[in-house]
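# Survey of secondary and tertiary structure
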Amino acid sequence: MKSKRLLAPYVAWMTVFTLIPLGVVIYYAFTDSITGQFTFANLSNLSTYLPIFLRSIFLSLASAAICLVIGYPVAYTIAQANPKWQRFLSMLVMLPMCMSFLLRTLAWVAMLEDTGIINRVVSSLGLKPLPLIRNSGAVILGMVYNYLPYMITPLYTVIMKIDPRLIEAAQDLGCDHKRVFTKVILPLSVPGIISGITMVFVPAVSTFYISQKLGSTGTTMIGDVIESQFKTAYNPNLGAALSLVMMILIFICIGFMNRFTDSEEEGVVTP
Amino acid sequence: MKKFCRVFTVLVFIFLYIPMIVLAVASFNTGTDIAVFKGFTLSRYAELFRDGSLLALLRNSLIISVLASFIATVLGTMAAVGLHNSRGRLRSAVMTLTNIPMTNPDIVTGVSLALLFSFTGTLLKVKSILGFWTLLIAHITFNLPYVILSVLPKLTQMDPDLEEAALDLGCTPGQAFFKVILHEIMPGVISGFMMAFTMSLDDFVISYFVTGSSFITLPVEIYNYTKKPIHPKIYALFTLMFLVILVMMVAMNLLQGKDAERKQKKRGVRA
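Residues numbered from 1 in each chain as written. Chains lettered and ligands numbered in written order. Predicted model: local features only at pLDDT ≥ 70, side-chain atom pairs only at ≥ 80, totals over all residues. Heavy atoms only, no water.

## Side note on the overall build of chain A
We apply this condition: The way it works is that DSSP assigns letters per residue, a run of H or I at least four long becomes a helix, a run of E at least two long becomes a strand, and they are numbered from the N terminus. The cut-offs for exposure are 20% and 50% of the maximum accessible area for each residue type, with area from a 1.4 Å probe on protein chains only; residues under the lower value are buried, those over the upper are exposed, and the others partly exposed. Contacts are assigned to residue pairs with any non-hydrogen atoms lying within 4.5 Å of each other. Accessible surface is estimated by sampling points in the Shrake-Rupley manner with a 1.4 Å probe; for residues, cover comes only from the protein chains shown.
Scanning chain A from N- to C-terminus turns up 13 helices and zero strands. Helices (α) and strands (β) of chain A occur, in sequence order from the N terminus, as α-α-α-α-α-α-α-α-α-α-α-α-α. Its C-alpha atoms give chain A principal-axis dimensions of about 75 × 75 × 30 Å. Counting all 271 residues of chain A, 51% fall into the buried class. Sequence separation of 24 or more characterises 70% of the internal contacts of chain A that already satisfy a separation of 6 or more. In the structure as shown, chain A presents an accessible area of about 12700 Å², 67% of it carried by carbon and sulfur atoms.

Following this line, the structure appears as structure tokens:
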């Protein structure tokens, strides 16, 4: 009885400000922007946005994969350090997450621009300026940079908790370094890998600032389209339909990835 | 291999901190182009303090994040205690509710709340409902899961006999909570509050959709700035905020370190 009374305000809050808004999104997705009548038009128009959806998924999966390849050795190295260094280094990983991602992305623009810092160095060496910005590569770089901490943190948490006795046992039983890694450490870090990929993929697939600043019209992402429907094109109904589809897509992706782990209810998408 | 990992980790950390360095250097630049360093000056910092507009925005951000994270901590801690004492269907339903804002991308959370608010606005015939209150509600909503997910593990780790002992010794359930349980879970409550606070302070995506022109926070204004040429005093503000957060995190780190050492000593005595 007592616990229910403590839960009530929270459940009420989340129902009003999480569940009902999702209902409102569905309502808008199925109504006409001018007449307010029920319609499928918003959703049937979505086929024109299919290339943008596919591009968003491709770019964010690529970023998540790169984050994993870069993040794993870093997380592993941090987990191997002594406790003092571990605390300090994991703090250094998290610190950038607290700073304005808008300005940090802008700093990348300043570096990659045609007249930016890198190209000034390149041209001072007498070489031609490199096309570093306004392409998919720059967008992926921006996403990897911004979301790398979201990959390292869960990986580090999982690797740190691996029982060192398991590694010793594997060594005693004749595994060399490589096999200890592939047979013991890597399988045990799967929950961290899944959670890291999810935590990079979800914000990456829905981003709208990074692609605007580092990309071009050829790298428009689904987040850009949603943002413009609400802020410049004033068609919230189409925006709601796009959000709905993106949300369903992400839930499918997460459900698919969670199949790889037998996680508990609160195991996976937590930082 | 170990050496390679270490060198690689250092390189990744440099990668993570390059934009900070670029922005910090830009804050001392006499020129306005971020890519060309013309000369050293401190005048950007003087301008920042002379012109109150940016500081007023920072104050708005602080008001929202302190209020939102405080309310979310109270509500969330209550909910976590309730959740800890409940089992079965109710528990899994509430956990699912908690996971929705965690798995939903920020843009969907922002858009769905914006639609809810404008829907309510048209129902109530209020013209511009978006402002301080909608922003506060949105921030509390996305902060709540962070608080719950950092308090819940502490409750699970707590010795269940402690509460019973307090009750046996004549505490009312309320006294048992404030004198015993709260004391035990305090580290989780504090880290939940800190996490909520930093999330709130730096949030751009959700705030961007749910606030109007009547109440603007710093990240939203930075986004508006980045469409025009950006004024270097923003770099000065960024650098100062970076230093403040760095000092705060190092201080927390040292405290945690002392705490860990103390625990280790205790364990040593017991053994």
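## Comments concerning the overall build of chain B
Operational definition: Charge assignment in this entry is limited to Lys and Arg as positive and Asp and Glu as negative, and neither His nor the chain termini are counted. For this purpose, a charge sits on NZ of Lys, CZ of Arg, CG of Asp or CD of Glu.
What chain B contains, in helices and strands, is 11 helices and zero strands. Reading chain B from its N end, one meets helices and strands in the order α-α-α-α-α-α-α-α-α-α-α. Counting only C-alpha atoms, chain B reaches 70 × 65 × 40 Å along its principal axes. Burial statistics for chain B: of 271 residues in total, 51% are counted as buried. At a minimum sequence separation of 6, the contacts of chain B that also span at least 24 residues come to 72%. With 24 positive and 15 negative side-chain charges, chain B shows a separation of 5 Å between the mean positions of the two kinds.

## Section: the interface of chain B and chain A
Heads up, the rule is: What counts as buried area is the accessible surface, traced by a 1.4 Å probe, that two parts surrender upon association, with contributions from both included. Any carboxyl oxygen of Asp or Glu within 4 Å of a side-chain nitrogen of Lys or Arg constitutes a salt bridge here. Here a polar contact is recorded for every N or O atom pair within 3.5 Å, except that within protein the pair must consist of a potential hydrogen donor and a potential acceptor, and residues adjacent in sequence are included only if both atoms are side-chain atoms. Side-chain classes follow a simple rule in which Ala, Val, Leu, Ile, Met, Phe, Trp, Tyr, Cys and Pro form the nonpolar group, Asp, Glu, Lys and Arg form the charged group, and the remainder, Gly included, forms the polar group.
With 84 residues of chain B in contact, the opposing surface of chain A contributes 83 residues. Here chain B meets chain A over a buried area of about 7600 Å², counting both sides, of which 79% is carbon and sulfur. Across the contact surface, chain B and chain A share one salt bridge. Between chain B and chain A we count 11 residue pairs in polar contact (both at pLDDT 80 or more) in total. Sorting elements by how many residues they give to the side of chain B that touches chain A places helix H1 (residues 2-27) of chain B first, with 14 residues. Split into classes, the residues belonging to the side of chain B that touches chain A amount to 61 nonpolar, 17 polar and six charged.

## Considering the pattern of salt bridges
Tallied over the entire structure, the rule returns four salt bridges over all chains. One salt bridge in this structure joins Asp163(A) and Arg165(A), with 3.0 Å as the shortest N-O distance. With a relative accessible area of 60%, Arg165(A) lands in the exposed category. When the shortest N-O distance is used, the salt bridge between Glu47(B) and Arg44(B) registers 3.5 Å. With a gap of three residues between them, Glu47(B) and Arg44(B) both fall in helix H2 (residues 43-50), about one helical turn apart. For Glu47(B), a relative accessible area of 21% corresponds to the partly exposed category.

## Focus on the environment of Ile140(B)
Residue and element names in this part refer to chain B. Position of Ile-140 among the secondary structure elements: in helix H6 (residues 132-157). Note on Ile-140: relative accessible area 3%, which makes it buried. For the pair Ile-140 and Leu-254, spaced 114 residues apart in sequence, the C-alpha to C-alpha distance is 29 Å.

## Here's the deal with a nonpolar patch on the surface
Quick reminder of the rule: Exposure above 30% relative accessible area and the absence of a salt bridge qualify a residue for a patch, where like charges join within 9 Å and nonpolar side chains (Val, Leu, Ile, Met, Phe, Trp, Tyr) within 5 Å.
A surface patch of nonpolar side chains, amounting to about 520 Å² of accessible area, comprises Ile21(B), Val25(B), Phe37(B), Phe40(B) and Leu42(B). Assignment of secondary structure puts Phe37(B) in the loop between H1 and H2.

## Some remarks on the environment of Ile57(A)
Residue and element names in this part refer to chain A. Assignment of secondary structure puts Ile-57 in helix H3 (residues 50-80). Of the residues examined, Ile-57 reaches a relative accessible area of 21% and is grouped as partly exposed. The sequence separation of Ile-57 and Asn-135 amounts to 78 residues, and the corresponding C-alpha distance is 16 Å. Excluding residues that lie within four positions of it along the chain, Ile-57 makes contacts with Phe-201, Val-205 and Leu-249.

## Focus on the environment of Leu255(B)
One can find Leu255(B) in helix H11 (residues 233-270). Between the alpha carbons of Leu255(B) and Cys5(B) there is a distance of 29 Å; along the sequence they are 250 residues apart.

## A word on helix H10 (residues 218-225) of chain B
Among the eight residues in H10(B), seven count as buried, and that is most of the element. Regarding H10(B), the residues found buried are Leu218(B), Pro219(B), Val220(B), Glu221(B), Ile222(B), Tyr223(B) and Tyr225(B).

## Describing the side chain of Asn42(A)
Residues and elements named next belong to chain A. Checked against the element boundaries, Asn-42 lands in helix H2 (residues 41-44). For Asn-42, a relative accessible area of 8% translates into the label buried. The contacts of Asn-42, once residues within four sequence positions are left out, are Tyr-28, Ala-29, Thr-31, Asn-237, Leu-238 and Ala-241.

## Focus: the packing of helix H3 (residues 52-84) of chain B against H6(B)
All names here are of chain B. Condition: Only C-alpha atoms enter the line fits that serve as axes; for helices the fit covers just the stretch in contact. Angles between N-to-C directions range over 0 to 180 degrees. Reported orientations rely on four angle classes, namely roughly parallel under 35 degrees, roughly antiparallel over 145, roughly perpendicular from 65 to 115, and oblique for the rest. Throughout, a crossing is termed right-handed when the near helix is turned clockwise from the far one, and left-handed when it is turned anticlockwise from it by less than a right angle.
Interaxial distance between H3 and H6 falls to 6 Å at its minimum, and their mutual angle equals 40 degrees. Accordingly, the angle class assigned to the pair H3 and H6 is oblique. Handedness of the H3/H6 crossing: right-handed. By residue class, the composition of the contact of H3 with H6 is 21 nonpolar, eight polar and no charged.

## Re the nonpolar core
In plain terms, the rule: We define a nonpolar core as any set of buried Ala, Val, Leu, Ile, Met, Phe, Trp, Tyr and Cys residues linked to one another through side-chain atoms lying within 4.5 Å.
Core analysis: the biggest nonpolar cluster contains 166 residues, and Leu242(A), Phe13(B), Ile107(B), Leu155(B), Phe204(B) and Phe209(B) have the highest contact counts within it. Here Phe204(B) is in contact with Phe101(A), Leu102(A), Phe208(A), Pro219(B), Val220(B) and Tyr223(B), once residues within four sequence places are set aside.

Keep in mind that these numbers describe shape and distance, not what the molecule does.
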